Amino acid sequence: MRTLPLVFEAPKRGLPPRHLADLDGPARRAAVVELGEKPFRAEQLSRHWFAGHTPEQMTDLPLALRERLTAALLPPLLSPVRDVECDDGATRKTLWRGHDGTLVESVLMRYTDRTTVCVSSQAGCGMACPFCATGQAGLTRNLSTAEIVEQVVVANAAESAVGGRVSNVVFMGMGEPMANYNRVVAAVRRLIEPTPYGLGMSQRNIVVSTVGLVPAIKRLTEEGLQITLALSLHAPDDELRNTLVPVNTRWPVSEVLSAALAYTKTTGRRLSIEYALIRDVNDQPFRADLLAKRLKGKLVHVNLIPLNPTPGSEWDASPKPVEKEFVRRLRAAGIATTVRDTRGREIAGACGQLSAAEAAV
Ligand code: SAH
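Quick caveat: nothing in here was measured; it's all calculated off a predicted structure.

1. Focus: helix 6 (residues 181–192)
Moving on, step 1. With 12 residues, helix 6 should cover 16 Å at 1.5 Å per step; its first-to-last C-alpha distance of 17 Å lies within 8% of that length.
Moving on, step 2. The element helix 6 is largely enclosed, with a buried count of 10 among its 12 residues.

Take a look at the structure:
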């Protein structure tokens, strides 16, 4: 097993140049004024960018000005390399290339009642969870705020073109969002900020998923946000969790649960517990009971994820009867429990499979 990085906030290396969406409203206006233009130009530019318009579509900006503002504030970020679809077009994975050649992925999932984009917050990941494809490759770099937001903006523009829109965003693609804290929180703010300065999404429809970096969870509790927190628990006991989620050796189950539940208490948002069911590893009845005991009476929801086996791994998903028994025990103890569907499997777009190296083959 790789040793854990001591510093969770990776250096700025590789980040793209400053982009409009990295800045909040006042900073955008200041940037435009610095270029010698009127502040309202920031609003026009924002409206276009969040709608997914190309510079050619920004016709209310005089051509010379458009070129100047674009050059200064809209540097190219992610270019789509490839789209792959499955589930009859209801799931679409996009592979993106960053300005420095970095590859990341996002996944769009259309359901009857919502359209969700699963975004990446880092290229690669430094958390080294052994069952996760991204975890095997290590961290390449953080994504910028604008790079994170762009994954949603492009998907939303494509949905708008066919009369829909992206309603939900989950930070469950590549990377550990809480290890890229400032940029992820800024991205969340861009998603919820009303137009023209943001996408105007509802906070309740945004989920940030984490391995459980306790100081970052505590910081998030102070942000005044109401987004949903998902905690990747995967085991109710330290002995096993130390091996499945190596960061547990730093912040054990009791500490991470108490930080996550404190977040829930402050925000009133139900905590989502992610638990990938791995055959003969964490799916025993006694672990279901222990999990139930630790969560009893708390504002939580358990999301069981059938393990999506990564290439070369000896691990597999639990057999259905074992999964059913695990669910039964949790529910019998009064814990709200669901089993996540396995969207995107055929295109390696399911949980933990967002591996650019694989997709690039
Ligand atoms: N780093 C964050 C978000 C990324 S992954 C986190 O760990 O929470 C989103 C979820 O997919 C996490 O719960 C993660 O543990 C889970 N996951 C990763 N690999 C998986 C796999 N092979 N099968 C099923 N779930 C997996």
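Don't stop here, the text continues.
2. Some remarks on the site of the ligand
Moving on, step 1. The local shell around the ligand holds 21 residues, among which Phe131, Ser209, Ser232, His234 and Asn308 are the closest.
Moving on, step 2. Histidine 234 places a side-chain nitrogen or oxygen 2.6 Å from an oxygen atom of the ligand.
Moving on, step 3. When the ligand is considered free in solution it has 530 Å² of accessible area, and contact with the protein chains removes 96% of it.
Moving on, step 4. Counting residues per element, the ones that place at least two in the shell around the ligand are strand 8 (206–210) and strand 10 (271–277).
Moving on, step 5. When the residues that make up the shell around the ligand are grouped by side-chain class, the tally is 10 nonpolar, nine polar and two charged.

3. Comments concerning the packing of aromatic side chains
Moving on, step 1. Using the criterion set out here, one finds two aromatic pairs in the structure.
Moving on, step 2. With centroids separated by 5.0 Å and ring planes inclined at 85°, the aromatic side chains of tryptophan 49 and phenylalanine 50 adopt a geometry described as edge-to-face. Here tryptophan 49 and phenylalanine 50 have matching classes, each one buried.
Moving on, step 3. Consider the rings of tyrosine 275 and phenylalanine 326, whose centres lie 5.1 Å apart with planes at 40°: the pair is tilted. With tyrosine 275 in strand 10 and phenylalanine 326 in helix 11 (residues 320–332), the pair connects residues that are 51 residues apart, well separated along the chain. Note on accessibility: tyrosine 275 and phenylalanine 326 belong to one class, buried.
Moving on, step 4. The ring of tyrosine 111 has arginine 114 lying over it, and the distance from NZ or CZ to the ring centre is 4.1 Å.

4. Looking at the pairing of strand 1 (residues 79–86)
Moving on, step 1. Note: strand 1 against strand 2 (residues 91–97), seven bridges, orientation antiparallel. Among the inter-strand pairings, cysteine 86 is bridged to a residue of strand 2, identified as threonine 91.
Moving on, step 2. Taking the residues between adjacent antiparallel strands as the criterion, strand 1 and strand 2 are bridged by four residues, where aspartate 87 takes a positive phi near 50°.

5. Some details on the sheet that holds strand 1
Moving on, step 1. Strand order in the open sheet formed by 10 strands is 1-2-3-4-7-8-9-10-11-12, and the pairing between neighbours is mixed. One side of each edge strand has no neighbouring strand; the edge strands of this open sheet are strand 1 and strand 12 (337–339). Strand-to-strand twist of the sheet, defined as the mean angle between neighbouring strand axes without regard to direction, takes the value 20°.
Moving on, step 2. Direction of pairing for strand 8 relative to strand 9 (residues 228–232): parallel, over a ladder of four bridges. In the sheet register, serine 209 faces strand 9, and the bridge partner there is alanine 230.

6. Some points on the pattern of salt bridges
Moving on, step 1. The final tally for this structure, using the stated rule, is 14 salt bridges.
Moving on, step 2. Linking arginine 110 and glutamate 159 is a salt bridge whose minimum nitrogen-to-oxygen distance equals 2.9 Å. Taken together, the positions of arginine 110 in strand 3 (residues 103–110) and glutamate 159 in helix 5 (residues 145–161) put the pair 49 residues apart, joining distant regions of the chain.
Moving on, step 3. The class of glutamate 159 is buried, set by a relative accessible area of 3%.
Moving on, step 4. Across the salt bridge formed by glutamate 325 and arginine 329, the nearest N and O atoms sit 2.8 Å from each other. Residue glutamate 325 and its partner arginine 329 are located together in helix 11, separated by four residues, close to a single helical turn.
Moving on, step 5. Connected via shared salt-bridge partners are Asp289, Glu325, Arg328 and Arg329.

7. Considering the domain arrangement of the chain
Moving on, step 1. For the chain, the assigned domains read domain 1 (20–73) and domain 2 (111–360).
Moving on, step 2. The straight-line distance from the C-alpha centre of domain 1 to that of domain 2 is 34 Å.
Moving on, step 3. Counting residues at the interface gives 15 residues for domain 1 and 13 residues for domain 2.
Moving on, step 4. Taken over both partners, the interface formed by domain 1 and domain 2 buries close to 1,200 Å², and the fraction arising from carbon and sulfur atoms is 59%.
Moving on, step 5. Three residues, Asp22, Trp49 and Phe50, lead the burial of domain 1 against domain 2; their summed loss comes to 46% of the area buried on that side.
Moving on, step 6. Linking domain 1 with domain 2 are zero salt bridges.
Moving on, step 7. Seen at the junction of domain 1 and domain 2, the total is seven residue pairs in polar contact (both at pLDDT 80 or more).
Moving on, step 8. Every element with two or more residues in the side of domain 1 that touches domain 2 is listed here: helix 1 (25–34) and helix 2 (40–50).

Thresholds, definitions, all that
Residues numbered from 1 in each chain as written. Predicted model: local features only at pLDDT ≥ 70, side-chain atom pairs only at ≥ 80, totals over all residues. Heavy atoms only, no water. Helix = DSSP H or I, 4+ residues; strand = E, 2+ residues; numbered from the N terminus. Expected span 1.5 Å × (residues − 1). Buried < 20%, exposed > 50% of the residue type's maximum accessible area, 1.4 Å probe, protein only. Near = heavy atom within 4 Å. Polar contact = N/O pair within 3.5 Å; in protein donor to acceptor, adjacent residues only side chain to side chain. Areas by Shrake-Rupley, 256 points an atom, 1.4 Å probe, with all protein chains shown as cover. Nonpolar A, V, L, I, M, F, W, Y, C, P; charged D, E, K, R; others polar. Phe/Tyr/Trp six-rings, centres within 6.5 Å; stacked < 30°, edge-to-face > 60°. Lys NZ or Arg CZ within 6 Å of the ring centre and 35° of its normal. Pairing = 2+ DSSP bridges. Axes fitted to C-alpha atoms, helices over the stretch in contact; angles between N-to-C directions. Salt bridge = Lys/Arg side-chain N within 4 Å of Asp/Glu carboxyl O. Domains from an automatic or database assignment. Contact = heavy atoms within 4.5 Å. Buried area = accessible area lost by both parts, 1.4 Å probe.

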